Amino acid sequence: MFINSQQQNVIPPSSRSRRLSFISLLLLVPAPSIGVVMAMYIVPGIVGQTIFTISKIWLVLFPIVWIYKFDREKIVIPQLSTKGMKIACLAGLIIFSGIAISYFIVNSFGLIDPKTISSKVKAVGLVSPQIYFIGAIYWCTINSLIEEYVWRWFVFTRCEKLMPQIWAVFASALFFTLHHFFALYTYFSLPMTIVASIGVFIGGTTWSWIYLRYRNIYASYLSHVFADIIIFLIAYQLIF
């Protein structure tokens, strides 16, 4: 599914490569935000959910088609590697602890309304602990891997063809945060949404740096899983 990232950036990108990278970001980055906004704000219901589903499919298929059709690079599934796994675990534990501590702090100030969150989450179908558990398993395993594939493997590598690598780390993290902001605002007040979005940005920056340093998507994925686990543990407490 992925190109061999160890071979990327050996040769400075050409003007054509930079142009294609810019176009690909224009076509991909807004898609999840459009899906979230349409489903949650503009046309909630069947139409909005249909657009949201299409945006998710676009997010998964677009990078593969683009790499094959326009970049004309071979697509392969990367082999499992231990590169960066220790750092990924350490970063994951720090993020896990940071989210837990932040939750207790903001909750002590009354910035989170459990009743509002519970009603909105149950409205989308997570009406029982059993269903919630199934959803949590999906988001902590499959969805987090999809996000790493999209935002680290594809978006970050496009960004680093357009700017210095350190700026590519921040740019890809910002893009990663954008659609999360709109989704978070559905459940939280604006101040709490901003706080949570800062956390998302920190996570995105960390995972982009791990990918930049080790070129191992499984390392950034492992660190990402730590964050999702604590988020779903907290959400379970708020909802049920």
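Every value quoted in this text rests on a predicted model; they were computed, and no experiment measured them.

A. Representation of the environment of Glu147. Among the secondary structure elements, Glu147 is positioned in helix 6 (residues 129-159). Relative accessible area serves as the criterion here: at 11%, Glu147 is assigned to the buried category. Along the primary structure Glu147 and Phe176 are separated by 29 residues, whereas in three dimensions their C-alpha atoms are 8.6 Å apart. Side chain to side chain, Glu147 and His180 meet in a polar contact 3.5 Å long. Separated by 3.3 Å, the side chains of Glu147 and His224 make a polar contact.

B. Region of the structure containing helix 2 (residues 30-42). Taking 1.5 Å of rise per residue, 13 residues should cover 18 Å, yet helix 2 covers just 16 Å from first to last C-alpha, more than 12% shy of that figure. Of all the residues in helix 2, the buried ones are Ala31, Pro32, Ser33, Gly35, Val36, Val37 and Ala39. Those residues of helix 2 hidden inside the fold are in contact with helix 1 (15-28), helix 3 (46-71), helix 6 and helix 7 (165-187).

C. Representation of the state of the cysteines within the structure. One pass over the structure, following the stated rule, counts 0 disulfides. In this structure Cys140 is not part of a disulfide, and its nearest cysteine sulfur, from Cys89, lies 15 Å away.

D. Spotlight on the environment of Ile57. Along the chain, the position of Ile57 falls in helix 3. Of the residues examined, Ile57 reaches a relative accessible area of 45% and is grouped as partly exposed. For the pair Ile57 and Tyr68, spaced 11 residues apart in sequence, the C-alpha separation works out to 17 Å.

E. View of helix 4 (residues 85-108). Its 24 residues place the ends of helix 4 34 Å apart at the C-alpha level, agreeing with the 34 Å of an ideal helix rising 1.5 Å per residue. Residues of helix 4 that are buried include every one of Met85, Ala88, Ala91, Gly92, Ile95, Ala100, Tyr103 and Val106, and no others. Buried-residue contacts for helix 4 involve helix 8 (190-214) and helix 9 (217-239). Just past helix 4, the residue Gly110 takes up positive phi, approximately 75°.

F. Structural view of the packing of aromatic side chains. By the definition in use, this model includes 20 aromatic pairs. A ring pair is formed by Phe176 and Trp207, whose centres lie 6.1 Å apart and whose planes are at 80°; its orientation type is edge-to-face. A residue pair is termed long-range when its members are at least 10 positions apart, and Phe176 in helix 7 and Trp207 in helix 8 qualify at 31 residues. Residue classification places Phe176 among the buried positions, given a relative accessible area of 2%. Look at Trp207 and you get buried, because its relative accessible area is 5%. Both rings, one in Phe181 and one in Tyr185, keep their centres 6.4 Å apart while their planes meet at 10°; by these two values the pair is stacked. Residue Phe181 and its partner Tyr185 are both found in helix 7; the two are separated by 4 residues, about one turn of the helix. A relative accessible area of 40% places Tyr185 in the partly exposed class. Positioned above the aromatic ring of Phe176, the side-chain terminus of Arg152 is 4.5 Å from the ring centre. Against the face of Tyr214 rests Arg213, its NZ or CZ located 4.9 Å from the ring centre.

Reading guide: rules and limits
Residues numbered from 1 in each chain as written. Predicted model: local features only at pLDDT ≥ 70, side-chain atom pairs only at ≥ 80, totals over all residues. Heavy atoms only, no water. Helix = DSSP H or I, 4+ residues; strand = E, 2+ residues; numbered from the N terminus. Buried < 20%, exposed > 50% of the residue type's maximum accessible area, 1.4 Å probe, protein only. Polar contact = N/O pair within 3.5 Å; in protein donor to acceptor, adjacent residues only side chain to side chain. Expected span 1.5 Å × (residues − 1). Contact = heavy atoms within 4.5 Å. Disulfide = S-S within 2.5 Å. Phe/Tyr/Trp six-rings, centres within 6.5 Å; stacked < 30°, edge-to-face > 60°. Lys NZ or Arg CZ within 6 Å of the ring centre and 35° of its normal.

Don't take any of this as a statement about function, it's just geometry.
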